[in-house]
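# Structure at a glance
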Amino acid sequence: MKYKILLILAFLFSNVSVNAQAYLDDIMFQSFGWDEQNQSKISSEGGLYEYYNARAGNLKALGIDMIWLPPPSASTGGVGYFPTEWFNFSNTSWGSEAQMKKMLATMNAKGIYPIADVVVNHRSGSTGWVDFTNPTWGCETICNNDDAASASYVGCRPSGAADTGEGFAGSRDLDHTSSIVQNGVKDYLTKLKTLGFKGWRFDFAKGFAPTYFGQYIQASQPYYSVGEYWDTNISLIKNWIDGTYASNANISGAFDFPLYYTLSGVLVSGGNNFNVLNSSGNMAGLAGQYGYAEKAVTFVDNHDSFVHTSSFQGGTNIMNAYSYILTHPGIPCVFAPHYYGGTYTKDGITKTYGNYSAYINKLMAIRKAAGINAYSSVTIDKAQAGLYAAYIRTNSTDAEPSLAIRIDLNSDNTWTPAGSGWIQAESRYKYTVWTKVAVNVPPVINISPSSTLKAAGTNVAVSITATDDDSGTTPTIRYTTDGTEPTATSTQYTASFNVSSNTVVKAVAFDNLGLSSGSVERTYTFATPKNIVIRFKPPTTTPNWPIPKIHYWGILPTGTIADAVWGTPVDMTADSANPGWFMYTFPNIIQVNFLFRDGSATGTLGSTKTADIVNVTDSSWYEWDATSSTFVKQVNLGTSEVGANSKATSLVIMQNPVLNGLAQIKYKNAKGGTLYLYDVSGKLLTSQKVKASEAEDTIPVSNLQKGVYILMLKSDQGNATTKLIVK
């Protein structure tokens, strides 16, 4: 069994002698590839937010400090780079706003800094080119030299100032000289911080002048900021970084594209000559420029670059590149498709990756153990055809290096570090790394199955597994089932166990020296099957759906109702009690996914169908909304107010008309409230206190005659009214 020491010791005694920024020794993780939403590992766990909520604790223990998340707002593209409604956080490919907030809270609690992908250079209209909603803006916010200014476009003309950067053909270029846009961006970043994000990745940084980025950074004060200034010219990137300085604001970082292309030229294009990595004795790229290393985010491909000819493919090239960026200065970024593996497609190009997480974990542990940070000092010993060798000092003032690396494409393996005390920490593919301390990788832990919703009366068999980098040892697993954080004294896991009621399972693994995996979690929820009634008010002009259809799938409990077939449209029936509305009842279920459609063979969003509505667990009302990028909104029948995410008091009758003498209702934001039932003349018939601020409740109506009544909720947080029909 190999000898291990805790990484904590190396961390505590490493000393960054330069600036005191907390992020200097951070490792960033890009959590998504281009079509991450289509990966089975993501969809099988309920979406990207659920996936990373379950793994945050383990990723932190393994060395990840910042997680770059995909664009969080509604968009016309599945990945999110054509935003429509900035403040709509539920209609995305990644999960609901509630799931996002839960994940962000978990990451913050575990010590991970969530980085939002901020797309504010451009916007798409909700239904056309320029109809901006949420926030609602006019054409005065669009640059006057945008594509919408062309003679062929029919609609309002952009009347903002000229673009201060490069144009973006896919959406409308926003005028960042406009106070409307500036205040809107600042409000948006404020909202993102309120949700739990701590930093920014700015998309298309060439799109407008860097001074405005500086203003937004100053206003929002992120933990870290990095811009996508895609260029191989180091001077241009440095000029952009310098340009983001504004009134003592933190200067933004930038992705190190020059280093990326230099590494690619050596490892991918067949150059094989490492002399290009020696820039007058310094490392290549932005990270090798004096004073810019902490602003240089180094990487081995991202969601855009992976389809280019410069991209890294195959374990040898990918891991040789990671061995370089994870042992050298800068802020290294790990790409999720390289870490977890998978098949990804963009622009008709498909790439398949293996799972390199174990190898990347080892390199991250080496970096942390040796105390390598953004300003560590590199001494290049060899940079020649087929061979690169270098020493890295944790701090430039250190007398001795703490790490040595060799990348030997010729496999001669003759170079070894000079001096004493070296321990070979890793040797794989074409790279070998030495340190002065032994390296311990935390265990990797997983709970299965993923978080799930099940029918009451059933159970879930829970199993927990953990692996260690030392194949000769088995980690000890501890767990809890009451939602509390597990410790070294919690119940020890020895075999799978069943849960049959709402349970949060949390688990942690310890290796033979007590190094923790960090805790991971799964949530198992049980609900009693019931009839879920979906009502919809379809469009009646353009488009016109006389008899709307409903398309559904993924109904729980599994097997109760088969998925609808697109070629066999399912009619909704007219709701006689509510003219203009149609309804469909799902009997004896707990959850359903669906969309509304007109029945035609095509599936064109905004014309023949709405966007998907997923994970619905209660009877709900929806109506067509041409101003929304989803073309549908959830409403309260009585008030037509948005019900899903509103902070206002809401009141919904879950099945209307009432048929069994007991009205089932649901209310929200009803603190201190009272329910009042009136007849149509305004006479008060009965009243009762609410059970809680948010709850499902019942009102007895068996003594009432058939007819229409008014149900009103008055609370400390507001009022809501709806009509109640007794049959």
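Above: the structure in question.
A brief report on the enclosed structure follows.

Conventions we followed
- Residues numbered from 1 in each chain as written.
- Predicted model: local features only at pLDDT ≥ 70, side-chain atom pairs only at ≥ 80, totals over all residues.
- Heavy atoms only, no water.
- Phe/Tyr/Trp six-rings, centres within 6.5 Å; stacked < 30°, edge-to-face > 60°.
- Helix = DSSP H or I, 4+ residues; strand = E, 2+ residues; numbered from the N terminus.
- Buried < 20%, exposed > 50% of the residue type's maximum accessible area, 1.4 Å probe, protein only.
- Lys NZ or Arg CZ within 6 Å of the ring centre and 35° of its normal.
- Core = buried A, V, L, I, M, F, W, Y, C linked by side-chain atoms within 4.5 Å.
- Contact = heavy atoms within 4.5 Å.
- Salt bridge = Lys/Arg side-chain N within 4 Å of Asp/Glu carboxyl O.
- Disulfide = S-S within 2.5 Å.
- Axes fitted to C-alpha atoms, helices over the stretch in contact; angles between N-to-C directions.
- Parallel < 35°, antiparallel > 145°, perpendicular 65-115°, else oblique.
- Left-handed = near helix turned anticlockwise from the far one by under 90°.
- Nonpolar A, V, L, I, M, F, W, Y, C, P; charged D, E, K, R; others polar.
- Pairing = 2+ DSSP bridges.

## Quick look at the packing of aromatic side chains
Remark: the centre distance and the inter-plane angle together describe each pair of aromatic rings, the angle taken between the planes. Tallied over the entire structure, the rule returns 51 aromatic pairs. Judged by centre distance (5.1 Å) and plane angle (85°), the ring pair of Y552 and F586 falls under edge-to-face. Of this pair, Y552 sits in strand β29 (residues 549–556) while F586 sits in strand β31 (residues 582–589), placing them 34 residues apart in sequence. Across this residue pair, the class does not change: Y552 and F586 are buried. For the ring pair F596 and Y622, a centre distance of 5.9 Å and an interplane angle of 55° mean the geometry is tilted. With F596 in strand β32 (residues 591–597) and Y622 in strand β34 (residues 620–624), this pair connects stretches of sequence that are 26 residues apart. Since its relative accessible area comes to 0%, F596 is described here as buried. Members of the aromatic cluster, connected to one another through ring pairs, are F32, W68, W94, W230, F255, F257, Y260, Y261, F299 and F312. Lying over the aromatic face of Y51, R55 brings its terminal NZ or CZ to 3.7 Å of the ring centre.

## Remarks on the nonpolar core
Counting 128 residues, the largest nonpolar core has Y52, L192, Y322 and Y388 as the members making the most contacts within it. When near neighbours in sequence (up to four residues on either side) are disregarded, Y322 contacts V300, C333, V334, F335, H338, I360 and L363. Counting 22 residues, the second-largest nonpolar core is a separate cluster that includes F536, F582, V592 and V616.

## Here we look at the pattern of salt bridges
Oppositely charged side chains can form a pair if their charged atoms are brought close together. A full pass over the atoms with the stated rule returns 24 salt bridges. When the shortest N-O distance is used, the salt bridge between K346 and D304 registers 2.4 Å. Of the two residues, K346 sits in strand β13 (residues 342–346) while D304 sits in the loop between β11 (296–299) and α9 (315–325), which places them 42 residues apart along the sequence. Each member of the pair, K346 together with D304, is buried. Across the salt bridge formed by R535 and D575, the nearest N and O atoms sit 2.7 Å from each other. Of this pair, R535 sits in strand β28 (residues 530–537) while D575 is found in the loop between β30 (573–574) and β31, placing the two residues 40 residues apart along the sequence. With respect to burial, R535 and D575 carry one shared label: buried.

## Thoughts on the state of the cysteines
Applying the stated criterion across every chain, the model contains one disulfide. The disulfide bridge from C139 ends at C156, spanning 1.7 Å between sulfur atoms. Taken together, the residues C139 in the loop between β4 (122–123) and β5 (172–173) and C156 in the loop between β4 and β5 connect sequence positions 17 residues apart. Owing to a relative accessible area of 7%, C139 belongs among the buried residues under this scheme. No disulfide involves C143; its sulfur sits 12 Å from the nearest other cysteine sulfur, which is in C139.

## Comments concerning the packing of α9 against helix α11 (residues 357–370)
As a packed pair, α9 and α11 sit with axes 10 Å apart at the nearest point and diverge in direction by 15°. Judged by the inter-axis angle, α9 sits roughly parallel to α11. Along this stretch, α9 crosses α11, giving a crossing that reads as right-handed. Packed against α9, whose contacting residues are M319, Y322, S323 and I325, the element α11 presents Y359, I360, L363 and R367 at the interface. Looking at the contact of α9 with α11, its residues break down into six nonpolar, one polar and one charged.

## Things to note about the side chain of D618
Turning to its location among the elements, D618 is positioned in the loop between β33 (613–616) and β34. Look at D618 and you get buried, because its relative accessible area is 10%. Once residues within four sequence positions are removed from consideration, D618 is found in contact with K530, I532, I534, M654, K666 and E696.

## Observations concerning the sheet that holds strand β41 (residues 707–715)
The strand order β39-β38-β41-β42 describes an open sheet built from four strands, whose pairing is antiparallel. At either end of the open sheet lies a strand with only one pairing partner, and these are β39 (684–689) and β42 (718–726). Sheet twist, expressed as the mean angle between neighbouring strand axes with direction ignored, is 20°. Sheet analysis places strand β38 (residues 674–679) next to β41, joined by six bridges and oriented antiparallel. Residue pairing in the sheet places L675 in a bridge with L713 of β41.

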